[in-house]
Structures are given as structure tokens and as C-alpha cells.
Amino acid sequence: MSVQWTPEAERGTPYWWAALDAPEPGQELPDTCDLLVIGAGYAGLSAALAAQECGARVVVVDAGEPGQGASTRNGGMFGAHPRLGWSELARKFGAEVADALFAEAKPALDWAKALIADNGIDCDLQQTGRIQLAWTPRHFANQRRLAQTVAGKSEVEARIVERADLGQEIATGHYFGGLLFPEHCAIHPAKFHQGLLRAVRARGIPVVSHAPVTALEAAGTEHLAHTPKGRICAAKVVLATNGYTTKAFRWHMARVFPLPSYLIATEELPANLIGHIAPGRRMMVETRARHSYFRISPDGKRVLFGGRASMKVLDEVSAGARLYETMTGIWPELRGTRLTHSWLGFTGYSFSHMPYVGHDRGVHYAMGFSGSGTVMAPWLGAKAAYQAMGDVRGQTAYSATPLRPSWLHPAQKPHFLAAADMWYRQVVDRKENWQARKEN
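Quick caveat, the model's predicted, so the values are computed rather than measured.

1. With respect to the packing of helix α1 (residues 42-53) against helix α9 (residues 373-388)
And then number 1: For the pair α1 and α9, interaxial distance at closest approach is 7 Å and the crossing angle is 35°. For the element pair α1 and α9, the recorded crossing hand is right-handed. Counted together, Tyr42, Ala43, Ser46, Ala47, Ala50, Ala51 and Glu53 of α1 and Gly373, Thr374, Ala377, Pro378, Gly381, Ala382, Ala385 and Tyr386 of α9 form the full contact between these two elements.
And then number 2: Of the residues assigned to the contact of α1 with α9, the class counts are 10 nonpolar, four polar and one charged.

2. Describing unusual backbone geometry
And then number 1: You will see that histidine 291, though not glycine, has its phi angle at about 55°, which is positive.
And then number 2: Looking at the element boundaries, histidine 291 is found in the loop between β14 (283-286) and β15 (293-296).
And then number 3: If you check the backbone angles, histidine 353 has positive phi at about 65° while not being a glycine.
And then number 4: Along the chain, histidine 353 turns up in the loop between β17 (339-350) and β18 (356-360).

3. Some points on the layout of surface pockets
And then number 1: One number sums up the size of the second largest pocket: a volume of about 460 Å³.
And then number 2: Contributing to the lining of the second largest pocket are 22 residues, with Arg288, Arg290, Glu325, Thr326 and Asn433 lying nearest its centre.
And then number 3: Elements represented by at least two residues in the lining of the second largest pocket include exactly α8 (316-330) and α10 (416-439).
And then number 4: The element contributing the most residues to the lining of the second largest pocket is α10, with seven residues.

4. Description of helix α4 (residues 137-153)
And then number 1: Between its first and last C-alpha atoms α4 spans 24 Å; for 17 residues at 1.5 Å apiece the expected length is 24 Å, and the two agree.
And then number 2: Where α4 is buried, its residues touch α3 (95-118), β5 (130-133), β6 (159-162), β7 (177-181) and α10.

5. Considerations on the sheet that holds β17
And then number 1: Read from one edge to the other, the open sheet built from nine strands follows the order β1-β17-β13-β16-β15-β14-β5-β7-β6, with strand pairing classed as mixed. One side of each edge strand has no neighbouring strand; the edge strands of this open sheet are β1 (5-11) and β6. On average, each strand axis in the sheet is inclined to that of its neighbour by 20°, with strand direction left out of account.
And then number 2: Both β5 and β14 contribute to a ladder of four bridges, which runs parallel. Looking at the pairing, glutamine 132 lines up with valine 285 of β14.

6. What about the pattern of salt bridges?
And then number 1: Using the criterion set out here, one finds 17 salt bridges in the structure.
And then number 2: Among the ionic pairs, aspartate 34 bridges to arginine 57, the shortest N-O distance being 3.4 Å. You can see aspartate 34 sitting in strand β2 (residues 32-38) and its partner arginine 57 sitting in the loop between α1 and β3 (58-61), a full 23 residues away along the chain.
And then number 3: Residue class for aspartate 34 comes out partly exposed when judged on its relative accessible area of 26%.

7. Notes on the packing of aromatic side chains
And then number 1: Within the structure shown, the criterion is met by 14 aromatic pairs.
And then number 2: Centre to centre, the rings of tryptophan 135 and tyrosine 175 are 5.7 Å apart; their planes meet at 65°, and the pair counts as edge-to-face. In this pair, tryptophan 135 is assigned in the loop between β5 and α4 and tyrosine 175 in the loop between β6 and β7, connecting sequence segments 40 residues apart.
And then number 3: Take tryptophan 135: its relative accessible area is 7%, and that puts it in the buried class.
And then number 4: On the basis of an interplanar angle of 5° and a centroid distance of 4.9 Å, the ring pair of phenylalanine 294 and phenylalanine 305 is categorised as stacked. A residue pair is termed long-range when its members are at least 10 positions apart, and phenylalanine 294 in strand β15 and phenylalanine 305 in strand β16 (residues 303-307) qualify at 11 residues. Considered together, phenylalanine 294 and phenylalanine 305 belong to a single accessibility category, that of buried residues.

8. A closer look at the nonpolar core
And then number 1: Core analysis: the biggest nonpolar cluster contains 65 residues, and Phe78, Phe192 and Met376 have the highest contact counts within it.
And then number 2: Ignoring any residue separated from it by four or fewer positions in sequence, one finds phenylalanine 78 in contact with Leu109, Ala112, Lys113, Ile116, Leu125, His184, Cys185, Ala186, Ile187, Phe192, Thr374 and Val375.
And then number 3: If you look at the next biggest cluster of nonpolar residues, it comprises 38 residues, including Tyr175, Phe294, Met327 and Ile330.

Definitions and cut-offs
- Residues numbered from 1 in each chain as written.
- Predicted model: local features only at pLDDT ≥ 70, side-chain atom pairs only at ≥ 80, totals over all residues.
- Heavy atoms only, no water.
- Axes fitted to C-alpha atoms, helices over the stretch in contact; angles between N-to-C directions.
- Helix = DSSP H or I, 4+ residues; strand = E, 2+ residues; numbered from the N terminus.
- Left-handed = near helix turned anticlockwise from the far one by under 90°.
- Contact = heavy atoms within 4.5 Å.
- Nonpolar A, V, L, I, M, F, W, Y, C, P; charged D, E, K, R; others polar.
- 1 Å grid on protein atoms, 1.4 Å probe; cavity = no way out; pocket = protein on both sides within 12 Å on 5 of 7 lines; lining within 4 Å.
- Points joined across faces, edges and corners; volume = space filled by probe spheres on them.
- Expected span 1.5 Å × (residues − 1).
- Pairing = 2+ DSSP bridges.
- Salt bridge = Lys/Arg side-chain N within 4 Å of Asp/Glu carboxyl O.
- Buried < 20%, exposed > 50% of the residue type's maximum accessible area, 1.4 Å probe, protein only.
- Phe/Tyr/Trp six-rings, centres within 6.5 Å; stacked < 30°, edge-to-face > 60°.
- Core = buried A, V, L, I, M, F, W, Y, C linked by side-chain atoms within 4.5 Å.

Distances and angles like these do not, on their own, reveal function.
What follows is the structure in C-alpha cells.
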């Protein structure tokens, strides 16, 4: 299918970046600190705020401009329920941990909302709700079971949307029902990050850009971090690099791998067309393995559509064409719509599909958000900082979801994703599409 681009289309630049201020001048790297935070995304900035609250002298370093990784490239969907169902969590980690993970969802979401309110962050927060759309009848049956589990194991509100009622949410005949989380929200992810960055700097915490940690070595009971801007000695370290972790942290790279996620933005659309295709104005995700997720832009004028265009790095033109084909398969009304942006970001994915907060050889970390980072990254970044400072507020069920390596990933780069991409595109996607067509 031929894709039309606007003359000023930005292929490679996130739609969200247009709202950002110019980067501030770089700050000097201090010689010492109590806590060094490596990574200035959601998790790292939240960790910095939490550690300073405990009385620590904090410094944050980032390999590039703060936030130009996943924190300003994601879809802006704001929710905290576990990615996996209770039964799978219980199988992986035990029933007690599964219960605790479900119970932590509501406190995490409420905490993240309070973080925005307390710091006066203007990030277009809207309680739109998020609906998970069932691609097959079997997926919808699983949603019914999940809704019952959510009701029994957490304070999160979740309700089933029958197929006959889906027209109130989305104009398409492709889905067999849905699971609605009405408390979930939408944000402008880049504005959220910018607000967190301002809050950190307003508290006098240095945020040093273009200072990748090239080596971290023990210096007695402390840590000596080497960067192109000099060395810094820190009593404690929090690693918050997730999908952008470098070879200086090989232990973490073996457990959390960068998985690309691609997004496109359409040109501005007529209000009546937006109202027709997405009358519910929800955050929307699919249950099929293609992992499509889509929403209306905060100003109500565009469709932002993301998903698995490829599991390996693909150029933005080819990825945009694949996402466009998926989008217009759901909404034929959008055929002929031009695209203004196509971009990608890397989520840090764990082999358990769950994040973890812990420490290894004195380095505390929160990683492996696996596509659920808008709430979980700041929530668990703060938990990692509290744990580093010995604060009881660091307690979390996500310290019982350990990151483990896999034989699939013996090297620094996730070469296995090329084979996984072929398997999903040639086998899994075709099977799911056949199952959906068979029932329609």
C-alpha cells in the first residue's frame, strides 16, 4: 500500500518533540556525590527526586540529551496494571508475588498522578481510560477471566465491553470485545519528561548531558564512574538506562535487551472523522501479537499509531509503511491520509516480560519495563533510590521478579530478534489473522 507523506514530514523525529523547549546548556560534572543516577529518563529523574528527599547529594548523568530515549518517544499511555495475567505471574514468581503485583497497580498509578500534580507538570494529563481490544474470541474469553482476577486481586477498576457495544469506542468490525480500564490516562510523554527535568533542576540537582558512563569501578566502598566529562566518585549508584544500556553494564545487558517500537502520526484530520473512528477517545491497544497501540493526539486532531513494525531496527520509511497498512486495515476510512512523522524508540524488555528493582555488586537498578514505562519507570525508579538509601519506602513486589538471562541472548546485541521477527511475521501474525477471520 502506497503511503503519502506531507511535504514537511519528519521521518526519524518524534511528533512529541515539537512541544519541547531548546535543551539547556550542559552542566559541569561534580567530583563527588552521595548518589549517582545513570540515565535521565523517567526512572532516573524520579530516582533523583526520591534520593534527595532522603537527604542525599544527587548527580544525574545521561549519555545524550536527557529524555531523548524512550521517555519522549512512547505513546503516552498512562497505566500500571501488570502485563501478564495472574496465572502466568503465579507460575513464574509464585501466588503471593502475583497477588502483590496486582495489588501494587492502583498505588503506582495514584502515586504517578500525584507526582505530576505535586510538581505542577503540565503534560496534557487526561483520564481517557484505556481499552484492550480482543483480536480473537479466545482473547476475549481471556479478558473475561482477567477482569474477574483484577476485581478480586486489586483496587483497579476494569470492566468488559461486549462486542455489540464496541461501536461506542471504535468504528471497526475487527474486534470481538474489549477490556476497559477507565482509570487509565493519556499524557504528552515529552512534556511529562520536561516537567520532571525542571523539577529536578529546580531542586539544585545537577543533570549532566552527553556524559555516558564508559566504566564503573569499585573505589573502596564507593564507585568511580568514568565519563568523557571527567570522573565522579559516588557512595551509591542507581542505574536507570533500561533499553539504552551500554556495554559498560554487561550484566544488565544480558538480562534486558532493547526492543524497537515504532510510531507514526497522521496529518490533522477533520473533527467529524476523528469522532467517527474513535468516539470513545480512549487509549487503545490490541491483544494480537502485533502489539498495535493507538490514540488520538492531545489536541484531538491526529491519530498516533504504534506497534511492532519490526523486531529489528528498520528505517522509518519502511516502518511507517507497515504501520500505515495496519492502521488502515483497522480503519479503511484513513486510506489516503498523509503521514507527518515516523519514529522509533527502544523499550528495555526482560525475558520475564516484567520489570525488576534490585541491585548487583552494589549497583541499584530499575529496569525491564517491557513497554509499560510511563507509570512504572518513575514509580520503580523512586523505589530503587529508596532501596539504595535504606528507606522503607523502597519496598515493592517488583523486587521479587528477578531479571534472568537467556541462552537466546549470549552477546551484547540481541541478534535473536532477527529470527524472532521472521517467526512472528510469517507464523504468529498469520495464525492470529486466520483465527480472527474464521470467527467473523
